[in-house]
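Survey of secondary and tertiary structure
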Amino acid sequence: MLASPQPAATSTPTPTAAIATASDLDFDVRYHPDGQLFVGDLVSFEVIAPPGVDLEGKDVTIRVGNISQQDLAQSGFSSFGIGQRPQATFNWVWDTSGLDEGKYYLRFSILPGHFTWIETVDLLPQQAIPPPEPRAHWETVESECCVVHYITGTDAAQDLEDLLAQADALGEQAVSSMGTEFSDPIPITVLPRVLGHGGFAGDEIYISYLDDNYAGNDFSQVLHHEMVHILDGRLGGDLRPSLLVEGLAVYLSGGHFKKEPLYSCAAALLDLGLYIPLASLADSFYTSQHEIGYLEGAAFIKFLVDEYGWDAYEAFYRGITSHPSGKQSQAIDAALQSNFGVTLAQIEGRFTAHLDRQHRIPDMIEDVRLTVIYYDTVRRYQQLLDPSAYFLTAWLPQGAEMRERGIVADYLRHPQLPENVSIESILLQADSHLRAGDYLKTEKALFAVNSLLGKIEASRADALIAVSGETTSFP
Ligand SMILES: [Zn+2]
């Protein structure tokens, strides 16, 4: 198997075939920054293990074959991203400044065992780096609520004043809805490319801001969601189950990717036969269908708050502790029993009966159905043609270190092959039709994207069959 095959990419790293013949040891290598590499880049690598291989005690080494007899770096395998993908990750280990443009051979070895393969990389001339990158750099600005880091020359820099005003207004809403205060400013790193669904939150917020966001163009909705995560994290709790963490962010920001009536959305899930029972959703939240899980979590929290009041909900939520089974569903069940005297199954019965009684809003079923398909299509596109953006394994290096080292390329560059450009443009149309309630046009656009993705998948499968068994020698 080849590493991230990129059809028609003349200067994208193109791996050659492995020396070893063991076909079950095909490691996938991803290069960063994404897309083409240029002289001066600080290059990172992800060496992704084939499924099911025992990597205990194994290391990867990388050597630039035609300029050095020394390894660039050595790393073991560990779990990466929300998806915990097993891989060896090398952050900014190959400094190409001062090198000549042209072809370089990279030798990857798995030790012990001496399994080795060669990949070739074309370094393009530094002058060919497209704008705004050559002059782009990090800037930091403070507002009432937040410390915002952005890259100059990007859409965020252009719209900075408006962006800061939105952040302050949303910050105000978020703190008042949670009954808390600002302690420290909220750190926000603005990404000029799409990663995941456009927002991540840990100790700080990473959020996509670009005119053409193919993962849904509602910046303020995503920012509000991520702000709730930061404030929620600061309020703490022994175990905050993922279902309730994400549900809370959707509930308090009034919708997932847009403002929406949560009970009606969840009722539509029931009508569509898409409803996931809460216990199984709680136990595998991030690998369950994303939009369904988030909407259900939010509607469930709304139901608990409507039944018992916000203060009682808060006491229940912050008091949830780990269950000996390790299951988040059991932890929620135990806390429901001790706080409200009901089991998860009992309250779910009342919750779904309440949804059944909801007045159905015309179009809500189509809206929910197409939202699910839209984001499934976005993720299918990312996995196939923009894999560093896929949320479970997104390439999201630490903003603080990037700023310290003056690195902008990892966030500025993204795949821009003709198929990326055309598919992203159809996704943008689909998003805009969906938000306008034009469901027929939405469905047609999504059908077009999925047809294109299907053709690309089929041609890659053919290409893999064609190259299997090829070998090459180390120069
Ligand atoms: Zn979230």
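Look up a bit, the structure's there.
A few points on the structure. (Residues numbered from 1 in each chain as written. Predicted model: local features only at pLDDT ≥ 70, side-chain atom pairs only at ≥ 80, totals over all residues. Heavy atoms only, no water.)

**Some details on helix α7 (residues 290-308)**
The condition is simple: Comment: elements are numbered from the N terminus, with helices defined as DSSP H or I runs of at least four residues and strands as E runs of at least two. Here a helix's expected span is defined as the number of its residues, less one, multiplied by 1.5 Å. A simple rule labels every residue: compare its accessible area, found with a 1.4 Å probe on the protein chains alone, to the largest value its type can have, and call it buried under 20%, exposed over 50%, or partly exposed in between. N or O atoms closer than or at 3.5 Å make up a polar contact, with two conditions inside protein: a donor-capable atom paired with an acceptor-capable one, and, for residues adjacent in sequence, both atoms drawn from side chains.
Here α7 contains 19 residues, and its C-alpha end-to-end distance of 27 Å stays within 8% of the 27 Å for a straight helix at 1.5 Å per residue. Burial of α7 is extensive: 15 of the 19 residues sit out of reach of the surface. Where α7 starts, the residue carrying a side-chain oxygen 2.9 Å from the main-chain nitrogen of Glu-291 turns out to be Gln-289. Following α7 by one or two positions, Gly-309 adopts a phi angle in the positive range, close to 95 degrees.

**A short note on the coordination of the zinc ion**
Counted only if it meets this: Note that water is not among the atoms used; donors are N, O and S atoms within 2.8 Å of the metal (3.2 Å for Na, K and Ca), so sites may look incomplete.
Note on the zinc ion: its protein donors are His-225 (NE2), His-229 (NE2) and Glu-246 (OE). The metal-donor distances range over 2.0 to 2.1 Å. Along the chain, the residues donating to the zinc ion are arranged with the sequence spacing H-x3-H-x16-E. Of this pair, His-225 and His-229 both sit in helix α3 (residues 219-235), 4 residues apart, which is roughly one turn of the helix. You can call His-229 buried: its relative accessible area is 12%.

**Topic: empty space enclosed by the protein**
How we decide: Grid points spaced at 1 Å and placed over the protein atoms alone form the basis of the search, with a cavity being a set where a 1.4 Å probe fits but cannot get out and a pocket an open set showing protein on both sides within 12 Å along at least five of seven lines. Lining residues have an atom within 4 Å of a point. Grid points are joined across faces, edges and corners, and a volume is the space filled by probe spheres set on the points. Residue type decides the class: Asp, Glu, Lys and Arg count as charged, Ala, Val, Leu, Ile, Met, Phe, Trp, Tyr, Cys and Pro as nonpolar, and the leftover types, Gly among them, as polar.
All told, the structure shown has 1 cavity of 30 Å³ or more when counted by the stated rule. As a volume, the largest cavity reaches approximately 150 Å³. Sorting the residues of the lining of the largest cavity by element identifies α7, α11 (364-385) and α14 (418-435) as the ones contributing at least two each. At 6 residues, α11 tops the list of elements feeding residues into the lining of the largest cavity. Classifying every residue of the lining of the largest cavity by side-chain character gives 7 nonpolar, 2 polar and 6 charged.

**Concerning the state of the cysteines**
Just so we agree on the cut-off: Cysteine sulfur atoms that come within 2.5 Å of each other are treated as a disulfide pair.
All told, the structure shown has 1 disulfide when counted by the stated rule. Disulfide pairing is shown between Cys-145 and Cys-146; the S-S distance is 2.2 Å. On the sign convention where negative means left-handed, the S-S torsion of about -95 degrees between Cys-145 and Cys-146 marks this disulfide as left-handed. Take Cys-145 and Cys-146: they sit in the same class, and that class is buried.

**As for the packing of aromatic side chains**
The criterion, for reference: In summary, the pairing rule links any two rings of Phe, Tyr or Trp, Trp by its six-membered ring, whose centres are within 6.5 Å, and it sorts them by plane angle into stacked for under 30 degrees, edge-to-face for over 60 and tilted for everything else. A ring is considered to have a charge above it if a Lys NZ or an Arg CZ atom is located within 6 Å of its centre and within 35 degrees of its normal.
In the structure shown here, the tally under the stated rule is 24 aromatic pairs. Both rings, one in Tyr-31 and one in Phe-45, keep their centres 5.5 Å apart while their planes meet at 70 degrees; by these two values the pair is edge-to-face. Residue Tyr-31 is located in strand β2 (residues 28-32), and its partner Phe-45 is located in strand β4 (residues 42-48); the two are separated by 14 residues in the primary sequence. Pair check on accessibility: Tyr-31 and Phe-45 agree, each one buried. Taken together through their ring pairs, the aromatic side chains of Phe-27, Tyr-31, Phe-45, Phe-77, Phe-108, Phe-115 and Trp-117 make up a single cluster. Seen from the ring of Trp-138, Arg-403 lies directly overhead, with NZ or CZ sitting 5.6 Å from the centre.

**With respect to the sheet that holds β4**
Filter applied, for reference: A pair of strands counts as paired when DSSP detects no fewer than two bridges linking them. Only C-alpha atoms enter the line fits that serve as axes; for helices the fit covers just the stretch in contact. Angles between N-to-C directions range over 0 to 180 degrees.
Strand order in this open sheet of 4 strands is β2-β4-β8-β7, and the pairing throughout is antiparallel. Each end of this open sheet is capped by a strand with a single partner; those strands are β2 and β7 (78-80). With strand direction ignored, the average angle separating the axes of adjacent strands in the sheet is 40 degrees.

**Some thoughts on the layout of surface pockets**
Estimated volume of the second largest pocket: approximately 690 Å³. Residue lining of the second largest pocket: 29 residues in total, with Phe-200, Ala-201, Glu-226, His-229 and Glu-246 positioned closest to the centre. Where the lining of the second largest pocket is concerned, the elements lending two or more residues are β14 (199-201), α3, α4 (242-252) and α7. Tallying contributions element by element places α3 first for the lining of the second largest pocket, with 7 residues.

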